[in-house]
Amino acid sequence: MTTITRSLLTSLVLCAALTACGDDADTAADDAVTLRLLTHDSFAVSDGVLEAFTTETGIEVELLQGGDAGTVVNQAILTQGNPQADVLFGIDSTFLTRALDADLFVPHQAAGLDAVDDDLRLDEEGRVTPIDYGDVCLNYDKAFFAGAGIPVPTSLEDLVDPMYADLLVVQNPATSSPGLAFLLASIGAFGEDGWEAWWSDLRANGVQVVDGWEEAYNTAFSGGGASEGTRPLVVSYASSPPAEVLYADPPIDESPIGVIDASCYRQVEGAGILAGTPHEEEARELVDFLLSERFQADVPLSMFVFPARSDVELPEVFVEHAARPSEVFELPSEDIEANREDWIDRWTDLVLR
Amino acid sequence: MIRRRWAAALLGPPVAFLTVFFAWPVANIVGEGLRGDSGWDLSGVGAVLGDPALRQVAWFTLWQAAASTVLTLLVALPAAHVLARLEFPGRRLLQALIVVPFVLPTVVVGAAFVALLGPSSPVGIDLQGRVGGILLAHAFFNHAVVVRTVGGLWEGLDPRTEEAARMLGASRWQAFRTVTLPTLRPAIASAAAITFLFSFTSFGVVRILGGSSRTTLEVEIYRQTADLLDLPVASVLALLQLTAVGAMLVVQDRLERRRGRTAAALRPSARRAPRGPGERAWLVGNLVALAVLLGTPLATLLERSFRTTDGGHGLAAWRALGEASRGSGLFVAPVDAVANSLRFAVVATVVAVTLGGLAAAALARAGGRAARLLDAILLLPLGTSAVTVGFGFLIALDEPIDLRASPVLVPLAQAVVALPFVVRTMTPVLRSIDPRLHEAAAVLGASPGRAWRAIDLPIVRRAVLVAAGFAFAISLGEFGATTVIARADAPTVPVTIARLLGRPGPLNTGQAFALSVVLMVLTASAVLVVDRWRSRTVGRGGWV
């Protein structure tokens, strides 16, 4: 029995090895390194962009998508020192401190960092390089407010007005990244002492809570082209309006949804070289590429976020339809790491129980 | 003695496989959670079990599973009777179609139920965030388990015993209650146990339909692992769930053994056309109930796949399946995901049927306590959270060869999920081969090889085909384990559906529904093909 088990284990491992070796043999022939880029499910890039990097440097890139941003960071922490990939893309301020505390990344001063605004820099030591940023904002259904004859709310304070009763749908911050961002926005707006009172009022005013962005936007919100929901206010992104224009069939000129300026929370997203990678030099080149003009120009229409570089031209649909809020809420990463669980627990008690 | 050694040899490969790709990763991740800086630390166990919030989660998990089981039995038992006893046009097709919900991925079912019974319900019922929606979805899922398990036994029961009771003056209900029901009871109990198991460990349905305030152990394990990386708590919860599932399997094993005795008296089926207005009304009523419970969610998917931005209907979403559009977050066109899924499913099927077949052969030969224990152990992957296995892979499969990012891991993980189904389908069939047939063949001068070809091969071939069909359908629909390891360049259909649903823009949503329809059709075809092969002996009393 044991011999059989052992011989079977050997053959299993052998056959796995053969497959693995098969891959290696291919790349060895080209004398190329294959880098693994670990990222979240929302990562996207146009055809030919990563291929351009390969042509330029001879380095192949393989993508691993491991779930949402938090899950991916947790996977990397679990395998700290012996990572399954070489570079991680998609870490934002929400999880930054946790990752830095776990010594996840190797410091790197990326080429092109000069073109990035100072307030987007995630880490002075360069362990995480900023690649893009996106704003989580309240979206509203233009047709609803036009038809109902009530003004579009202009601030978070407005939302507790009885005029807006039963109109808002938000995501649970315990299960949704935009949901957490909106909770952080409220903490940024009302302070550590004021956010709970505001949420109590919001609850009394009939806020609906769902688990994820999909349900909120696609089934509860009334403004999206695919949804038939009944609520004209939803927590989504500053870039949702251009997405509605881009994916409308038949085409439309004006987005059916708008963004409430004073409701936005900024998430800066970055990339880091995973400590323990056997390809550190090549990984540096890949991070530089992520901040190069070629990749940065592709970011808006691929991931619906803004490029970190300020010197990249934005596509027209973005210029025309995406919101550029003048003021955004942001919280220090250390505060988020120290209080996240506590905030979420308090929020859950307050809004759901 | 020789028999036993043979059984052990046959068990070697499947046991080795489950050790490497299930037990070892799970032990690793649970161990990681229970080990403090200085050796084992079990102090967290008491704290977790004493936490009122987590006890509430455990309690909800338990009672919603019990309620789901009752509801499923209530709607599925009448259907089991109709399909087992009555003959009507389209019965075969219907019998295949009712299996479709069971193998659909939870993301698809969740999407269908939210579209049907969510805030924008066309029938005006909003069950999102309420227990009712969860229970209905569980009944939708597990309906086939009851119909197949109970119906399989029912169609083999001799109708004459019930007729004799009627002749002696018993009412229809009395005859059912005193004659048929006692015979069916073990099968009902066994189907109930399986339904309870699936409802107890339900993840996608609870996550999508439960709203924010309803979580089960499985959902909580996911949250503690993937969202919070609180492994000590996650490990205790995973052990708690494994213990509960183990206890359930022991109960089920007891019931299965009782069924084994009744199943021995099977006869060929005795379906007939409905007689009289009462029976006809019963048939029609049941068909309507089936159409409502199983049909409407599937029809909703179909309708949504054709819906266009302006509220009308068209083929836009279907046409878009051929390309990886910008911003869809997909690196390959959705049609290529279909090809990936088919490829992975073929590999997973070969692995699951080979290893499951060996295990079934061993279990059919061996008897006694050890065999029953193994039978239960083979079911444990179904009771383990996919995220536990997936995160276990990350820390367990890095040496000697780093398999963590390898594409071969996807079909292997699917095979882990399909394996129990294969064993469950094949074991009863292999066990049913009467050893006296071999003795008779030997007496008549046949060599052992010739006897095997003449007696075993036809039965085994059919059993393999049936098991393969189900393994294939299950691999196609597998979502949980696949999503943790799926690589961007080779996503499967369920993973692609989930990604499309997570993107803004009506075209992406439409494509998700269209792909769901494709998956539904593929699954239904696999099951239909299997049903053609299903002989009277194969799969009877099995749960698929």
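Model, not experiment: these values are computed from the prediction.

Caption draft 1: Highlighting the overall build of chain A. Across its full length, chain A carries twelve helices and ten strands. In terms of C-alpha radius of gyration, chain A reaches 23 Å, essentially the compact-globule figure of 20 Å for 353 residues. Projected onto the principal axes, the alpha-carbon positions of chain A cover approximately 70 × 50 × 40 Å. Looking at the 353 residues of chain A, the share that counts as buried comes to 59%. For chain A, the proportion of contacts with a sequence separation of at least 24, taken over those separated by at least 6, is 73%. Of the roughly 13700 Å² of accessible surface on chain A, 49% is carried by carbon and sulfur atoms. Computing the positive centroid from 16 side-chain charges and the negative centroid from 64, chain A places the two 5 Å apart.

Caption draft 2: How the structure looks around the overall build of chain B. Within chain B, the regular secondary structure consists of 23 helices and two strands. In chain B, which comprises 544 residues, the proportion classed as buried is 58%. In chain B, of all internal contacts separated by at least 6 residues, the share reaching a separation of at least 24 is 79%. By element, 65% of the accessible surface of chain B is carried by carbon and sulfur atoms, the whole surface being about 21600 Å².

Caption draft 3: Summary view of the environment of Ala481(B). Residue and element names in this part refer to chain B. In this structure, alanine 481 sits in helix H21 (residues 480–485). When the C-alpha positions of alanine 481 and proline 411 are compared, they lie 10.0 Å apart, and in sequence the two are 70 residues distant. The residues contacting alanine 481, other than those within four sequence positions of it, are Ala386 and Ala413.

Caption draft 4: Structural context of the environment of Phe513(B). All names here are of chain B. Residue position: phenylalanine 513 is located in helix H23 (residues 506–533). The exposure class assigned to phenylalanine 513 is buried, which follows from its relative accessible area of 5%. Between the C-alpha atoms of phenylalanine 513 and arginine 307, which are 206 residues apart in sequence, the distance is 9.7 Å. Those residues in contact with phenylalanine 513 that sit more than four places away from it in its chain are Ala111, Leu301, Arg304 and Ser305.

Caption draft 5: Molecular detail of the nonpolar core. Membership of the largest hydrophobic core comes to 227 residues, with the highest contact counts inside it found for Phe43(A), Phe105(A), Phe295(A), Phe17(B) and Phe21(B). The element that contributes the greatest number of residues to this core is helix H18 (residues 409–431) of chain B, accounting for 14 residues. Counting 34 residues, the second largest nonpolar core, distinct from the first, contains Leu168(A), Trp199(A), Leu331(A) and Ile344(A).

Caption draft 6: Fine view of the packing of aromatic side chains. All names here are of chain B. Inspection of the entire model under this criterion finds 28 aromatic pairs over all chains. On the basis of an interplanar angle of 45° and a centroid distance of 5.1 Å, the ring pair of phenylalanine 203 and tyrosine 222 is categorised as tilted. Note that phenylalanine 203 is positioned in the loop between helix H9 (172–200) and helix H10 (204–209) and tyrosine 222 in helix H11 (residues 217–227), a separation of 19 residues in sequence. Exposure remark for phenylalanine 203: the relative accessible area of 25% places this residue in the partly exposed category.

Caption draft 7: Geometry of the packing of helix H2 (residues 49–57) of chain A against helix H9 (residues 280–290) of chain A. All names here are of chain A. Interaxial distance between H2 and H9 falls to 11 Å at its minimum, and their mutual angle equals 135°. With respect to H9, the axis of H2 lies oblique. In the packing of H2 onto H9, the handedness of the crossing is right-handed. Contacts between H2 and H9 pair Val49, Leu50, Phe53 and Thr57 from the former with Glu285, Leu286 and Phe289 from the latter. In the contact of H2 with H9, the residues fall into five nonpolar, one polar and one charged.

Caption draft 8: Focus on the side chain of Gln64(B). Residues and elements named next belong to chain B. For glutamine 64, the position within the fold is in helix H3 (residues 52–85). Among the polar contacts made by the side chain of glutamine 64, one reaches the main-chain carbonyl oxygen of threonine 61 at a distance of 3.3 Å. Side chain to side chain, glutamine 64 and histidine 138 meet in a polar contact 3.3 Å long. Setting aside residues no more than four positions away along its own chain, glutamine 64 makes contact with Ile134, Leu135, His138, Ser199, Phe200 and Thr216.

Caption draft 9: Just the pattern of salt bridges, in detail. Residue and element names in this part refer to chain A. On inspection of all chains with the given rule, the structure shows 22 salt bridges over all chains. Ionic pairing is found between glutamate 125 and arginine 127, a salt bridge with its closest N-O pair at 3.5 Å. Overall, glutamate 125 belongs to the partly exposed group, its relative accessible area being 46%.

Caption draft 10: Local environment of a nonpolar patch on the surface. Residue and element names in this part refer to chain B. On the surface, a cluster of nonpolar side chains totalling about 330 Å² of accessible area is made up of Trp59, Leu62 and Trp63. Summarising the element assignment, tryptophan 63 is placed in helix H3. By relative accessible area, which is 33% here, tryptophan 63 ends up partly exposed.

Caption draft 11: The arrangement of the side chain of Thr69(B) in detail. All names here are of chain B. With respect to the helices and strands, the residue threonine 69 is situated in helix H3. Residue classification places threonine 69 among the buried positions, given a relative accessible area of 7%. Threonine 69 has contacts with Ala192, Thr195 and Phe196, leaving out every residue within four places of it along the chain.

Caption draft 12: Structural detail: helix H6 (residues 106–117) of chain B. Residues and elements named next belong to chain B. The end-to-end C-alpha distance of H6, which contains twelve residues, comes to 15 Å, matching closely the 16 Å that a straight helix rising 1.5 Å per residue would cover. Within H6, eleven of the twelve residues are buried, which leaves the element mostly enclosed by the surrounding structure. Residues of H6 that are buried include every one of Val107, Val108, Val109, Gly110, Ala111, Ala112, Phe113, Val114, Ala115, Leu116 and Leu117, and no others.

Caption draft 13: Main features of the packing of helix H15 (residues 334–365) of chain B against helix H22 (residues 493–501) of chain B. Residues and elements named next belong to chain B. Look at H15 against H22: their axes get within 8 Å of each other, and the N-to-C directions meet at 145°. Only Val493, Pro494 and Thr496 of H22 make contact with H15, whose side of the interface consists of Ala337, Val338 and Ser341. The class makeup of the residues in the contact of H15 with H22 is four nonpolar, two polar and no charged.

Caption draft 14: Focus on helix H12 (residues 333–351) of chain A. Residues and elements named next belong to chain A. At asparagine 339, H12 is bent by approximately 60°, the largest bend along its length. Residues Ser333, Ile336, Arg340, Trp343, Ile344, Trp347, Thr348 and Val351 constitute the buried set of H12. Summarising the contacts, the buried residues of H12 are in contact with helix H4 (93–101), helix H6 (177–204), strand E7 (208–210) and strand E9 (257–274).

Caption draft 15: Up close: unusual backbone geometry. Residue and element names in this part refer to chain A. Phi at phenylalanine 304 takes a positive value of approximately 55°, unusual for a residue other than glycine. Mapped onto the elements, phenylalanine 304 comes out in the loop between helix H10 (293–303) and strand E10 (306–307). By relative accessible area, which is 7% here, phenylalanine 304 ends up buried.

Caption draft 16: Structural context of the confidence of the model for chain A. Residue and element names in this part refer to chain A. For chain A, mean pLDDT is 87; residues scoring 70 or higher make up 90% of the total. By mean pLDDT, helix H1 (residues 2–30) is the weakest element of chain A at 43, and H9 is the strongest at 97. In this model, residues 1–30 is a region of pLDDT below 50 whose contacts with residues beyond four sequence positions or in other chains number 19 contacts.

The rules behind these values
Residues numbered from 1 in each chain as written. Chains lettered and ligands numbered in written order. Predicted model: local features only at pLDDT ≥ 70, side-chain atom pairs only at ≥ 80, totals over all residues. Heavy atoms only, no water. Helix = DSSP H or I, 4+ residues; strand = E, 2+ residues; numbered from the N terminus. Rg over C-alpha atoms; globule rule 2.2 N^0.38 Å. Buried < 20%, exposed > 50% of the residue type's maximum accessible area, 1.4 Å probe, protein only. Contact = heavy atoms within 4.5 Å. Areas by Shrake-Rupley, 256 points an atom, 1.4 Å probe, with all protein chains shown as cover. Lys, Arg positive; Asp, Glu negative; His and termini not counted. Charge placed at Lys NZ, Arg CZ, Asp CG, Glu CD. Core = buried A, V, L, I, M, F, W, Y, C linked by side-chain atoms within 4.5 Å. Phe/Tyr/Trp six-rings, centres within 6.5 Å; stacked < 30°, edge-to-face > 60°. Axes fitted to C-alpha atoms, helices over the stretch in contact; angles between N-to-C directions. Parallel < 35°, antiparallel > 145°, perpendicular 65-115°, else oblique. Left-handed = near helix turned anticlockwise from the far one by under 90°. Nonpolar A, V, L, I, M, F, W, Y, C, P; charged D, E, K, R; others polar. Polar contact = N/O pair within 3.5 Å; in protein donor to acceptor, adjacent residues only side chain to side chain. Salt bridge = Lys/Arg side-chain N within 4 Å of Asp/Glu carboxyl O. Patch = residues over 30% accessible without salt bridge, like charges linked within 9 Å, V, L, I, M, F, W, Y side chains within 5 Å. Expected span 1.5 Å × (residues − 1). Bend = angle between axes of the 7 residues up to and from the residue. pLDDT = per-residue confidence, 0-100.

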